[in-house]
Amino acid sequence: MKKRHFLIGKKQMEKVYTSQERVSCSGGDYEGHPRVYLDVAKKGTVTCPYCSKTYILDL
Ligand SMILES: [Zn+2]
């Protein structure tokens, strides 16, 4: 089996661990987007549709 490397866009997928069931994301300091509220509790993880940041529920 061959190993392949996939490049995911220009930016890295950032993972954020949170103990909150609902988080708000506005894209961080330098790369903002409209503030959205993401429901982490539903699946345990949620990915922001704007900046692809992944929030992981860590209780
Ligand atoms: Zn975001």
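Everything that follows concerns the structure shown earlier in this document.
As a starting point, this report considers the structure included with it. (Residues numbered from 1 in each chain as written. Predicted model: local features only at pLDDT ≥ 70, side-chain atom pairs only at ≥ 80, totals over all residues.)

1. With respect to the overall build of the chain
Phase 1 of the analysis: Secondary structure assignment for the chain yields zero helices and five strands.
Phase 2 of the analysis: Listed by position from the N terminus, the elements making up the chain come as β-β-β-β-β.
Phase 3 of the analysis: Expressed as a percentage of the 59 residues in the chain, the buried residues total 7%. (Helix = DSSP H or I, 4+ residues; strand = E, 2+ residues; numbered from the N terminus. Buried ≥ 20, exposed ≤ 12 C-beta atoms within 10 Å, placed from the backbone.)

2. Focus: the environment of Lys42
Phase 1 of the analysis: With respect to the helices and strands, Lys42 occurs in the loop between strand S3 (36-39) and strand S4 (45-47).
Phase 2 of the analysis: With 11 C-beta atoms packed within 10 Å, Lys42 lands in the exposed category.
Phase 3 of the analysis: Considered as a pair, Lys42 and Leu57 are 15 residues apart in the sequence and their alpha carbons are 9.7 Å apart.

3. Describing the sheet that holds strand S5 (residues 54-57)
Phase 1 of the analysis: Spatially, the three strands line up as an open sheet ordered S1-S5-S4, and their pairing is mixed. A single partner strand is all that each edge strand has here, and the edge strands are strand S1 (15-18) and S4. Looking at each pair of strands side by side, their axes are set apart by 20° on average, direction ignored.
Phase 2 of the analysis: Judged from the three bridges that link them, S4 and S5 form a sheet pairing that is antiparallel. Note that in S5 the partner of Val46 across the bridge is Tyr55. (Pairing = 2+ DSSP bridges. Axes fitted to C-alpha atoms, helices over the stretch in contact; angles between N-to-C directions.)

4. A closer look at the pairing of S5
Phase 1 of the analysis: Relative to S5, S1 runs parallel, the two being bridged by four bridges. When the bridges of S5 are listed, Val16 appears paired with Tyr55.

5. Remarks on the environment of Leu59
Phase 1 of the analysis: Its place among the elements puts Leu59 in the segment after S5.
Phase 2 of the analysis: Through-space distance from the C-alpha of Leu59 to that of Thr18 is 7.5 Å; in sequence the pair is 41 residues apart.

6. Regarding unusual backbone geometry
Phase 1 of the analysis: Even without glycine at this site, Ser52 takes up a positive phi of about 65°.
Phase 2 of the analysis: The exposure class assigned to Ser52 is partly exposed, which follows from the 13 C-beta atoms found within 10 Å.

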